[in-house]
Amino acid sequence: MIEWIAAFFLIFGSIFMLIAAIGVVKLPDVYMRMHAITKAASLGAILMLTAVSILYVSWIVWLEAVMVVIFIIFTTPVATQMISKAAHEGHTPKGDGYIMDELKDSNENEKIEITD
Amino acid sequence: MIEITNSPVLTVAIYISFFSLTISLFMGMYRLLIGPTLPDRMIVLDLIASLSIGLIITYILATGQTIYLNVAVAIALLVFMGNIAFAKFLIRRIKK
Amino acid sequence: MRVLNILIRIGRFVFFIFYYLKELVLSSLYVAWDIITPKDLFTPGIVEVPLDLKTDTAIIAFANLVSMTPGSLTMDLSPDKKKLYVHAMYLTDKQEFIDKMKNELEERIRKIFE
């Protein structure tokens with residue numbers, strides 16, 4: 001019974017990662033590709049770690065799995081935000097159909113200082 | 001080479017997982033090669049980190065060696081640092 | 001009294017983690033559905049959301065939570081910490097989007113962290 005649950009989580013996790021990769025190939029510009037990576041790839045990793053935690057019952061496995069999950073869910077949005085900020089500063093071309101870009105307007109009005 | 005565990009259900013799941021993760025790696029490699037700008041390539045780095053965490057976990061399930069979870073912890077930490085350093089480098093290069 | 005205060009904070013933080021995971025699952029399903037169904041009708045945009053939060057912890061929790069809600073992604077914070085720039089995948093009405101952000105997410109963050 002427990003193998004069925006672990007296999008279910010493993011297959012779903014790898015399918016979410018496959019969907020993230022399809023999104024990286026298919027979506028039109030950098031910012032939308034980041035939508036796919038931030039959400040689908042994180043959920044894929046979390047589901048696969050759940051499969052390991054179900055199958056191996058020991059506290060050190062659970063501790064390490066929880067550590068990896070916490071790293072992933074708290075660091076991925078920060079890294080994505082830094083990359084998208086850098087991409088927007090570098091005038092990376094956007095796809096079609098953009099309705100508004102208020103960040104660009106504010107950059108033209110006031111000079112933003114970037115400190116290290 | 002790999003000792004698959006006894007349960008047939010889990011064996012099939014491990015094969016499916018290895019297959020789809022490998023396909024995903026090739027897709028990421030495609031975007032890495034043709035990606036028009038540098039940020040495109042940087043986000044593929046993030047994707048490949050998640051995929052290698054997935055590959056390590058599938059390997060753990062295939063062999064039963066849970067010691068490899070340490071590698072997943074290290075990858076999850078190092079890739080965050082790598083992304084932040086890349087973004088800082090990109091911003092500094094733009095400012096010049 | 002002091003111990004009770006700390007316990008309440010820990011309880012709220014655990015509750016916040018579970019809420020965060022729920023949002024992550026929902027938005028992953030949403031993005032996955034958008035990727036696997038073939039359509040080309042995206043109406044993206046970058047919106048300026050005014051912030052009312054005071055502390056840095058609350059602001060970073062709000063920024064991460066915005067990245068984990070369906071169809072939105074934090075891009076930048078203005079230098080005076082008053083505005084957050086959010087990239088939205090399906091933008092129909094700007095005011096409606098801002099109202100949703102402020103009423104649902106920011107209220108919850110303020111109850112937990114301030």
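Note that the coordinates shown come from a computational prediction; the quantities given were computed from them, not determined experimentally.

A. Structural view of the confidence of the model for chain B. In this model, chain B carries a mean pLDDT of 86, and residues with pLDDT of at least 70 account for 94%. Per-element averaging of pLDDT across chain B places helix H3 (residues 69–95) of chain B at the bottom with 87 and helix H1 (residues 8–34) of chain B at the top with 91.

B. Spotlight on a nonpolar patch on the surface. Taken together, the side chains of Val3(C), Ile6(C), Leu7(C), Ile10(C), Val14(C) and Phe18(C) present a nonpolar region at the surface, about 610 Å² in accessible area. With respect to the helices and strands, Phe18(C) occurs in helix H1 (residues 2–36).

C. Just the interface of chain A and chain B, in detail. Taken together, the contacts link 47 residues of chain A with 48 residues of chain B. For the pairing of chain A and chain B, the buried interface totals around 4,400 Å² over both sides, and the portion due to carbon and sulfur atoms is 80%. Considering only the side of chain A, the residues that lose the most area to chain B are Leu10(A), Tyr56(A) and Ile83(A), jointly responsible for 12% of the buried surface there. Along the contact surface separating chain A from chain B lie one salt bridge. Asp40(B) is the salt-bridge partner of Arg33(A), the closest N and O atoms lying 2.2 Å from each other. Applying the counting criterion to the chain A and chain B interface returns four residue pairs in polar contact (both at pLDDT 80 or more). Within the residue set of the side of chain A that touches chain B, elements represented by two or more residues are helix H1 (2–26), helix H2 (30–55) and helix H3 (59–89) of chain A.

D. Seen up close, H3(A). All names here are of chain A. Compared with the 45 Å implied by 1.5 Å per residue over 31 residues, the 45 Å span of H3 between its first and last C-alpha is a close match. Thr 75 marks where H3 bends most, by close to 30°; the proline Pro 77 follows one to four residues later. His 91 sits one or two residues past H3 and shows a positive phi near 55°.

E. Looking closely at the arrangement of the chains. The top pair by number of contacts, from a total of two pairs of chains in contact, is chains A and B. One finds no contact linking chain B with chain C; the least C-alpha distance across the pair is 13 Å.

F. Molecular detail of the pattern of salt bridges. Under the criterion given, the structure shown has six salt bridges over all chains. With a shortest N-O distance of 3.7 Å, Asp76(C) and Lys85(A) are connected by a salt bridge. One end of the pair, Asp76(C), is in strand S2 (residues 72–77); the other, Lys85(A), is in helix H3, on a second chain. Under the relative-accessibility criterion, Lys85(A) is labelled partly exposed at 21%. Between Arg110(C) and Glu107(C) there is a salt bridge whose closest N-O contact spans 3.0 Å. Of the two residues, Arg110(C) and Glu107(C) both sit in helix H3 (residues 94–113), three residues apart, roughly one turn of that helix. Look at Arg110(C) and you get partly exposed, because its relative accessible area is 27%. If you follow the salt bridges from partner to partner, you end up with Asp52(C), Lys102(C) and Glu106(C) in one network.

G. Local environment of the side chain of Glu64(A). Take Glu64(A): it is sitting in helix H3. For the buried residue Glu64(A), which engages in no salt bridge, the nearest side chain bearing the opposite charge is Lys39(A), 29 Å off. When neighbours within four sequence positions are excluded, Glu64(A) is seen to be in contact with Leu69(B), Asn70(B) and Val73(B).

H. Local environment of the interface of chain A and chain C. In this complex, chain A contributes 37 residues to the contact, which on the side of chain C involves 37 residues. Contact between chain A and chain C buries roughly 3,500 Å² in total, counting both sides, with carbon and sulfur atoms accounting for 73%. A per-residue breakdown of the area chain A buries against chain C is headed by His35(A), Lys39(A) and Glu102(A), which together make up 19% of the total. Across the chain A-chain C interface, the total number found is one salt bridge. Across the contact surface, chain A and chain C share six residue pairs in polar contact (both at pLDDT 80 or more). Sorting the residues of the side of chain A that touches chain C by element identifies H1, H2, H3 and helix H4 (102–109) of chain A as the ones contributing at least two each. With eleven residues, the single largest contributor to the side of chain A that touches chain C is H2(A). Residue composition of the side of chain A that touches chain C, grouped by class: 21 nonpolar, ten polar and six charged.

Calculation notes
- Numbering of residues starts from 1 in each chain and follows the order in which that chain's sequence is written.
- Starting at A for chains and at 1 for ligands, labels are handed out in the order in which the entities are written.
- Reporting in this predicted model follows two pLDDT cut-offs: at least 70 for local features of residues, and 80 or more for side-chain atom pairs to be given and counted; totals over whole chains, interfaces and linings ignore these cut-offs and use all residues.
- With hydrogens and water set aside, each side-chain value is computed from the structure's full complement of heavy atoms.
- As a per-residue measure, pLDDT tells how confident the predictor is, with possible values from 0 to 100.
- Helix and strand labels come from DSSP, where a helix needs a run of H or I of at least four residues and a strand needs a run of E of at least two; each type is numbered from the N terminus.
- Here, patches come from residues exposed beyond 30% relative accessible area and free of salt bridges, joined within 9 Å for like charges and within 5 Å for nonpolar side chains (Val, Leu, Ile, Met, Phe, Trp, Tyr).
- Note that accessible areas follow from Shrake-Rupley with a 1.4 Å probe, and for residues the cover is restricted to the protein chains shown.
- Put simply, a salt bridge is a Lys or Arg side-chain nitrogen that is within 4 Å of an Asp or Glu carboxyl oxygen.
- It only takes one pair of heavy atoms within 4.5 Å for two residues to be counted as in contact.
- Summed over both partners, the accessible area lost on bringing two parts together, with a 1.4 Å probe, is the buried area.
- Identification of polar contacts relies on pairs of N or O atoms within 3.5 Å, with a donor-acceptor requirement for protein atoms, meaning one able to donate a hydrogen and the other able to accept it, and with residues adjacent in sequence counted only if both atoms are side-chain atoms.
- Under the convention used throughout, the expected extent of a helix is 1.5 Å for every residue step, that is, one less than its residue count.
- Note on bend: the value at a residue is the angle between axes fitted to the seven residues ending there and to the seven starting there.
- Each residue is assigned to one of three classes by its accessible area relative to the maximum for its type, calculated with a 1.4 Å probe on protein chains only: buried under 20%, partly exposed between the two thresholds, exposed over 50%.
- Charge assignment in this entry is limited to Lys and Arg as positive and Asp and Glu as negative, and neither His nor the chain termini are counted.
- Residues are grouped as follows: Ala, Val, Leu, Ile, Met, Phe, Trp, Tyr, Cys and Pro are nonpolar; Asp, Glu, Lys and Arg are charged; every other residue, Gly included, is polar.

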